[in-house]
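Understanding the architecture of this molecule
Each chain is listed here by its residues.
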Amino acid sequence: MTLRAPTILIVDDEAQNRRLLAVLLQPEGYSTCGAASGEEALASVGESAPDLILLDITMPGMDGYRVASILKADPATANIPIIMVTAHMERTARLAGLDAGAEDFLTKPVDRAELWLRVRNLLRLKAYGDLQDHTARLESQVLARSVDLQRFRTAMDATADAIMLISRESMRFSEVNETACHLLGYSRADMLSMGPTELVKTSRAALECQYDALIVDGANRDQREMMMTCKDGSSVQVEVNSQALRSGNDWTIVVVMRDITERKQAEMRLTHLAHHDPLTGLPNRTLFYDTLQRTLALARSSGALVAVMFLDLDNFKNINDTLGHAIGDELLLQFSNRLMQCVRVRDTVGRLGGDEFALILIMQDGQQGAVVMAQKIRDVLRAPFILCGHEVTITASIGITVHPDDASDPDTLIKYADTAMYQAKHAGRDTYRFFTAQMNADVLARLTLETALRKAIENEEFVLHYQPKVHLNSGRVAGLEALLRWDRPGHGMVPPNAFISVLEETGMIVQVGSWVVAQACRQIGLWLRSPVAPIQVAVNVSGRQFAEGDLDGDIIKGLARHGIPAELLDLELTETSLMANTERTTEILHRLKQHGVRISIDDFGTGYSSLAYLRRFPIDKLKIDIAFIRDVTTSPDDAAIVLAIISMAHSLKLDVVAEGVETAAQLNYLRRHHCDQIQGYYFSRPLPADQVTDMLLQDQSLAPPDGADQPRKTLLIIDDDPFMLDILATLFDRDGYHILCARSAAEGFDMLALNEVQVILCDECMPAMSGTEFLDKVKELYPKTFRIVLSGNTDLESIMKAVNCGAIFRFYTKPWDNNLLRDHVRDAFRQFMAIA
Ligand SMILES: Nc1nc2c(ncn2[C@@H]2O[C@H](COP(=O)(O)O[C@H]3[C@@H](O)[C@H](n4cnc5c(=O)[nH]c(N)nc54)O[C@@H]3COP(=O)(O)O)[C@@H](O)[C@H]2O)c(=O)[nH]1
């Protein structure tokens, strides 16, 4: 449909005819143009299509029929109406014109009214035709669009993702799919009346900004994760992909969303698992390390002190081994709960593995805060743990290091805290230690020692020395203990206390222990086939040899290889190594015992010390630890322990050996209390094999006890003043006593150990120990003795105390009556005899 003046193309080879027709059409307001030939007419139509063509039939070149048929054959020009203008009125000419596609005819000369009428009619018809076409086209477009829309909606609804189209101009939803409605709990109608600002916490301005950025970026997509609010107020976590598309003058923001709540929860579960210990739920090593790194970064800017504590449960392995892993796990869980009770919100507790825990403490009150915390942890551990009906008590060793004093990176701080924890273990467990630079030096020294020991094994640098044990009755050598020495190049002979613990901790003791067994068996064999004859040798075995080595295999092989009777080999093991790995240890010990090997418990008294428990093992001998022998003649407590061990061991028919006997006093005391054997420097230090051989060949022995010349009445006089000592000795000499004089309490103890003393006369005022203190101890050690104090002053209070507690029976203050004193001493001997 055109609103402009219709254009009519006049095609005639006669210029005059073209002009005439143009003049005739002018009054009707048409616009005309002309073509002088068929070819020119086609070219003109090609350039600009007229609304109607007046076409002469007879023209030189291409005639009107040809022009008409070409135009009607082309869809682009087929609807241009053509009126043939001809002088021919015959029917055939008209038919040919219609056949070629012309719509009408005019006969020359042309009548003006007829021309106007035909032209107007044909133009109207064309206009109607154009309108029809236009409408049909629009209808088909509408149809196609609604099919597209339907298809689009169906496709949108079929996708698992939520899709929302948002008009940027109105900031409202222009289309949403089923999944979006389902996800957010709204109907489609609800949603189409809403906009995105009603579903997110973000402000409208921020959303607009985000959409505008998308529009500016063109093809760029935006992907982000966010929370959407549902109709019921709940939230859903979604991953959102947005893109801006032009839509006429507006922009459509296409939002595709996916519910990622489950994925996020799974991710969170995985992240939690990767960073937490599954048993206790505490941060694991990775998270603890990260937390420490972050804490240190904050501390650097705030200047706060940060303490790292490393905790290791003492003897946890025993609980695992004896009560099982399930109870061990329960203990770790309860322990972690108690730890959590100790810390503040800002502190961190982590489990680094096994029974190792660690704490990060932010301290405002200096290092003292760490001390308080360590005490608190030790206190909460005091209460026993109830584990499936078992009551268990446990302690922890704690190492502490402080940022920035000791180090400023997590690795070093954790390493130093670990080192300090080991120091706490070495200090006897159930305590804490701060890291010091010396500890670091110790760690380096230990590494060097470890490397040197590995080389020592390769280079066979170990040797055995032998220390005799002596029968107290006969005084003869009862056997030997093989003691390891390291002939370290450049260091001389190194004693085992300097390296045994490293061999133990690294497990090298298994290899070295196996060598000790082989070497001892070889030496027993050599002595057996020499004039020395059979001699029993004890070897020390560590707990790890039972757990990890082939101890019984090694021993049986060694005995067979050197052809020695099994009873010539004695195994010394500590109570602690018996307690660990009980089942396996018991099995091995029974096997070896059946074979004839002897078994001794070393260092008895320092560990569990339960003879009832030890009865489960096939034991022959107990060795009383040196710690109780050292002061056995002066410490009533140690003496009581030693006497109790001897008595209990004998009741179980076990032999008793006292270790570390260095003095005649110790020896005599032990002999008088029926200890079976002694071992110690008093008789011999550990010696190399060749020197022991000489000693055995010379049949060296202890002097046996000689009771024959022991006087019946022995009076011990103790005074630090030699003059007084002399006066008193002279005074009592006339009464025929065997008089012993001592100038100190220490000398007095020795004399008491070496002699049967019945009456003791002691000066009160002595420098190292007062008379009443001395006699108080003597009362415990030798309860039957009659004890008298001579006092220079009248400090009656302490003397009365001593009288009241039975430490002394009489006291005399200076100047005393000599005769009275002699009478009372005589009475004292009488009283002693009466109760003896
Ligand atoms: N697993 C193994 N342990 C071993 C082996 N060889 C030795 N050891 C253990 O090393 C510890 C120290 O041994 P050592 O330095 O040889 O000391 C022994 C004696 O020399 C010492 N002793 C003996 N008499 C006295 C004395 O009168 N005074 C005194 N101060 N010390 C003395 O005692 C040690 C013997 O102790 P024990 O074994 O408990 O009888 C020591 O624990 C050894 O056990 C080995 O091959 N394997």
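Please refer to the structure placed before this passage.
All values derive from a computational prediction rather than experimental measurement. (Residues numbered from 1 in each chain as written. Predicted model: local features only at pLDDT ≥ 70, side-chain atom pairs only at ≥ 80, totals over all residues. Heavy atoms only, no water.)

1. Thoughts on the overall build of the chain
- Of regular secondary structure, the chain possesses 31 helices and 32 strands.
- Considering only residue pairs separated by 6 or more positions, the chain has 62% of its internal contacts joining residues 24 or more positions apart.
- Surface accessibility of the chain: about 41,100 Å² in total, with carbon and sulfur atoms responsible for 53%. (Helix = DSSP H or I, 4+ residues; strand = E, 2+ residues; numbered from the N terminus. Contact = heavy atoms within 4.5 Å. Areas by Shrake-Rupley, 256 points an atom, 1.4 Å probe, with all protein chains shown as cover.)

2. Notes on unusual backbone geometry
- Cis geometry marks the peptide bond from Lys108 to Pro109, where omega comes out at -20°.
- Mapped onto the elements of the fold, Pro109 is located in the loop between β5 (104-107) and α5 (112-158).
- The omega torsion across His403 and Pro404 is 5°, close enough to zero to call that bond cis.
- Here Pro404 shows up in the loop between β16 (396-403) and α14 (410-426).
- Of note, Ala533 is a non-glycine position whose phi angle comes to about 70°, a positive value.
- Relative to the assigned elements, Ala533 resides in the loop between α17 (508-528) and β21 (537-540).

3. A short note on the packing of α14 against helix α15 (residues 437-458)
- At a minimum axis separation of 10 Å, α14 and α15 run at an interaxial angle of 85°. Viewed along their axes, α14 and α15 adopt a mutual orientation that is roughly perpendicular. Only Met439, Asn440, Asp442 and Val443 of α15 make contact with α14, whose side of the interface consists of Tyr416, Thr419, Ala420 and Gln423.
- Tallied by class, the residues present in the contact of α14 with α15 amount to four nonpolar, three polar and one charged. (Axes fitted to C-alpha atoms, helices over the stretch in contact; angles between N-to-C directions. Parallel < 35°, antiparallel > 145°, perpendicular 65-115°, else oblique. Nonpolar A, V, L, I, M, F, W, Y, C, P; charged D, E, K, R; others polar.)

4. What about the pattern of salt bridges?
- Counted according to the given criterion, the structure contains 46 salt bridges.
- As a salt-bridge pair, Arg120 and Glu28 come within 3.2 Å of each other at their nearest N and O atoms. Of this pair, Arg120 sits in helix α5 while Glu28 sits in the loop between α1 (15-25) and β2 (31-35), and the two are 92 residues apart along the sequence.
- In this structure Arg120 comes out as partly exposed when scored by relative accessible area, which is 29%.
- Judged by relative accessible area, which is 28%, Glu28 ranks as partly exposed.
- Through salt bridges that share partners, Lys469, Glu481, Asp570, Glu572, Lys621, Lys623 and Glu659 make up one connected network. (Salt bridge = Lys/Arg side-chain N within 4 Å of Asp/Glu carboxyl O. Buried < 20%, exposed > 50% of the residue type's maximum accessible area, 1.4 Å probe, protein only.)

5. Here's the deal with the site of the ligand
- Around the ligand lies a shell of 23 residues, among which Glu481, Arg485, Asp603, Glu662 and Tyr681 are the nearest.
- Note that an oxygen atom of the ligand is positioned 2.7 Å from one of the side-chain N or O atoms of Glu481.
- A total of 820 Å² of accessible area belongs to the ligand in isolation, and the protein chains cover 84% of it.
- Those elements giving two or more residues to the shell around the ligand turn out to be β19 (477-488), α17 and β23 (598-604).
- Per-element tally for the shell around the ligand: the top contributor is β19, with four residues.
- Its residues assigned to classes, the shell around the ligand shows ten nonpolar, five polar and eight charged. (Near = heavy atom within 4 Å. Polar contact = N/O pair within 3.5 Å; in protein donor to acceptor, adjacent residues only side chain to side chain.)

6. Notes on helix α21 (residues 582-595)
- Its 14 residues place the ends of α21 20 Å apart at the C-alpha level, agreeing with the 20 Å of an ideal helix rising 1.5 Å per residue.
- Among the residues of α21, Thr582, Thr585, Thr586, Ile588, Leu589 and Leu592 are the ones counted as buried. What you see down the axis of α21 is that its buried residues fit within an arc of 170°, all on one side. Seen from the buried face of α21, the exposed residues on the opposite side, beyond 90 degrees, are Glu583 and Gln594.
- At the exit of α21 stands Gly596, carrying a positive phi of roughly 115°. (Expected span 1.5 Å × (residues − 1). Arc of directions from axis to C-beta.)

7. Here's the deal with the pairing of strand β4 (residues 82-86)
- Burial analysis of β4 places five of its five residues in the buried class, the great majority of the element.
- Here β4 shows two buried faces, one formed by Ile82, Met84 and Thr86 and the other by Ile83 and Val85.
- Relative to β4, strand β3 (residues 52-56) runs parallel, the two sharing four bridges. Opposite Asp56, over in β4, you have Val85 as the bridge partner.
- For the handedness criterion, the β-α-β arrangement of β3, helix α3 (residues 64-73) and β4 is classed as right-handed.
- Sheet analysis places β4 next to β5, joined by four bridges and oriented parallel. In the sheet register, Thr86 faces β5, and the bridge partner there is Thr107. (Pairing = 2+ DSSP bridges. Right-handed = clockwise from strand over helix to strand, strands pointing away.)

8. Quick notes on the nonpolar core
- Counting residues in hydrophobic clusters, the biggest one holds 106 residues, and the most contacted among them are Ile760 and Phe774.
- Examining the composition of this core, we find that ten residues originate from one element, α17, more than from any other.
- Split by domain, the residues of this core number at least three in each of domain 4 (453-697) and domain 5 (714-835).
- Once you skip the residues sitting within four places of it in the chain, Ile760 turns out to touch Leu716, Ile718, Leu752, Phe774, Leu775, Val778, Thr785, Phe786, Arg787 and Ile788. (Core = buried A, V, L, I, M, F, W, Y, C linked by side-chain atoms within 4.5 Å. Domains from an automatic or database assignment.)

9. Quick look at empty space enclosed by the protein
- Per the stated rule, a full pass over the model turns up two cavities of 30 Å³ or more.
- Lining the largest cavity we find 14 residues, and of these Pro196, Tyr211, Met226, Met228 and Val255 sit closest to its centre.
- At the level of elements, β6 (162-167), α8 (204-217), β8 (222-229) and β9 (235-247) are the ones that each hand at least two residues to the lining of the largest cavity.
- The residue inventory of the lining of the largest cavity, partitioned by class, reads twelve nonpolar, two polar and no charged.
- Lining the second largest cavity are Val510, Ser514, Gln545, Gly549, Asp550, Leu551 and Asp554.
- Elements with a minimum of two residues in the lining of the second largest cavity: α17 and α19 (551-562). (1 Å grid on protein atoms, 1.4 Å probe; cavity = no way out; pocket = protein on both sides within 12 Å on 5 of 7 lines; lining within 4 Å. Points joined across faces, edges and corners; volume = space filled by probe spheres on them.)

10. A few points about α15
- Between the first and last C-alpha of α15 there are 32 Å, a value that for 22 residues agrees with the 32 Å anticipated at 1.5 Å per step.
- Along α15, the residues classified as buried are Met439, Leu449, Glu450, Ala452, Leu453 and Ala456.
- Against the buried residues of α15 lie α14, β17 (432-434), β18 (462-471), β19, α16 (500-506) and α17.

11. A short note on the sheet that holds β9
- Pairing within the open sheet is antiparallel, and its five strands lie in the order β7-β6-β10-β9-β8. Each edge of the sheet is formed by a strand with only one pairing partner; in this case those strands are β7 (172-176) and β8. Taking each pair of neighbouring strands and ignoring which way they run, the sheet shows an average axis angle of 35°.
- Summarising the sheet, β9 and strand β10 (residues 250-259) pair through ten bridges and their orientation is antiparallel. Across the sheet, residue Val240 finds its bridge partner in β10, namely Met257.
- Running over the sheet, helix α9 (residues 261-275) touches β8, β9 and β10 and is turned about 130° from β9.

12. What to know about the pairing of β19
- Counting buried positions over the twelve residues of β19 gives ten, a clear majority of the element.
- The sheet contact formed by β18 and β19 spans nine bridges and is antiparallel. By the bridge assignment, Pro468 is partnered in β19 with Leu480.
- Inspection of the sheet shows β19 paired to β21 by three bridges, in the parallel sense. Residue pairing in the sheet places Leu480 in a bridge with Val537 of β21.
- Here β19 runs beside strand β20 (residues 492-494); their pairing, made up of three bridges, is antiparallel. Looking at β20, one finds that Arg488 is bridged to Gly492.
- A loop of three residues connects β19 with β20, the two strands running antiparallel in sequence, and Gly490 in this loop sits at a positive phi of about 85°.

13. Quick look at the packing of aromatic side chains
- Per the stated rule, a full pass over the model turns up 13 aromatic pairs.
- Between Tyr432 and Phe434 the ring centres are 6.4 Å apart and the planes differ by 85°, which places this aromatic pair in the edge-to-face class.
- Here Phe732 and Tyr737 contribute two aromatic rings whose centre-to-centre distance is 6.5 Å and whose plane-to-plane angle is 40°, an arrangement assigned as tilted. In this pair, the class of Phe732 matches that of Tyr737, namely buried.
- The ring of Phe385 is capped by Arg338, whose NZ or CZ atom sits 3.6 Å from the centre of that ring. (Phe/Tyr/Trp six-rings, centres within 6.5 Å; stacked < 30°, edge-to-face > 60°. Lys NZ or Arg CZ within 6 Å of the ring centre and 35° of its normal.)

Coordinates in, geometry out; function isn't part of it.
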